[in-house]
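# Chains, contacts and geometry: an overview
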Amino acid sequence: MDNCIFCKISQKEIPSHTVYEDDVVYAFLDISQVTPGHTLVIPKKHVMDIFDFDDALAADVFARIPKIAQAIEDAFPAIEGLNIVNNNKALAYQSVFHSHIHLIPRYSKEDDFSMHFGDHTADYTTEKLADIADKIRKQVR
Ligand code: 5GP
Ligand code: ZN
């Protein structure tokens, strides 16, 4: 797609540090290196976000994640954990609108990375949860 920085990166029109590549995905170092080894995995096909994937592309792309994660872990024996993050749309912190999966190695609690999961357990009765699950279940195609 014209004017997409990640299409240009996967087509080697813009340089990047390749971690892995095949016919389906391109994996390269995120320029920001939140932690050493921070990698982005992108489908070579331009899709904007998770809502743009079909089943076949999702199967192909997500099947590659464990082996790339494994390679990162093997390359950096000090790794103690790995966050896999996929931001979808601006509100959810997506800033490049070619879908990408962040693999963020974790070395210690002092890493420059955090996630906050608010705990609202007390606000949800069983009935409320059943209603929410029901709404979603009815939409699964
Ligand atoms: P998002 O905020 O959309 O989830 O993540 C986009 C990521 O792309 C950011 O972490 C940012 O550092 C990275 N990024 C943006 N432009 C470039 C670039 O030109 N090269 C590389 N390697 N990474 C980029
Ligand atoms: Zn693109």
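Computed from a predicted structure; not experimentally measured. (Residues numbered from 1 in each chain as written. Chains lettered and ligands numbered in written order. Predicted model: local features only at pLDDT ≥ 70, side-chain atom pairs only at ≥ 80, totals over all residues. Heavy atoms only, no water.)

### Describing the nonpolar core
Nonpolar side chains in soluble globular proteins generally cluster together in the buried interior. By size, the foremost hydrophobic cluster in this structure holds 15 residues, and its most contacted members are Val41, Val61, Ile68, Ile101 and Leu103. At the level of elements, strand S2 (25-29), helix H2 (55-75) and strand S5 (101-106) are the ones that each hand at least two residues to this core. With six residues, H2 is the single largest residue contributor to this core. Ignoring anything within four residues of it in the chain, the contact list for Val61 reads Val24, Val25, Pro43, Phe53 and Ile101. Formed by nine residues, the second largest nonpolar core is a distinct cluster that contains Tyr26, Phe28, Leu40 and Val96. (Core = buried A, V, L, I, M, F, W, Y, C linked by side-chain atoms within 4.5 Å. Buried < 20%, exposed > 50% of the residue type's maximum accessible area, 1.4 Å probe, protein only. Helix = DSSP H or I, 4+ residues; strand = E, 2+ residues; numbered from the N terminus. Contact = heavy atoms within 4.5 Å.)

### So, the pairing of S5
Judged by how many residues are buried, S5 sits mostly within the fold: six of six residues are covered. With burial as the criterion, each face of S5 is covered, one bearing Ile101, Leu103 and Pro105 and the other bearing His102, Ile104 and Arg106. The pairing of strand S3 (residues 39-43) with S5 spans three bridges and is antiparallel. Of the residues in S5, the one forming a bridge with Leu40 is His102. Relative to S5, strand S4 (residues 81-85) runs antiparallel, the two sharing five bridges. Each bridged residue has a counterpart across the sheet, and for Ile84 the counterpart in S5 is Leu103. (Pairing = 2+ DSSP bridges.)

### A word on the site of ligand 1
Lining the immediate surroundings of ligand 1 are 16 residues, of which Asp30, Asn87, Ser95, His100 and His102 lie closest. Between ligand 1 and the protein, one listed contact pairs an oxygen atom with a backbone N or O atom of Tyr93 at 3.0 Å. One of the side-chain N or O atoms of His102 is found 2.8 Å from an oxygen atom in ligand 1. In isolation ligand 1 exposes 520 Å². Once the protein is present, 81% of that is buried. Elements supplying a minimum of two residues to the shell around ligand 1: helix H1 (5-10) and S2. (Near = heavy atom within 4 Å. Polar contact = N/O pair within 3.5 Å; in protein donor to acceptor, adjacent residues only side chain to side chain. Areas by Shrake-Rupley, 256 points an atom, 1.4 Å probe, with all protein chains shown as cover.)

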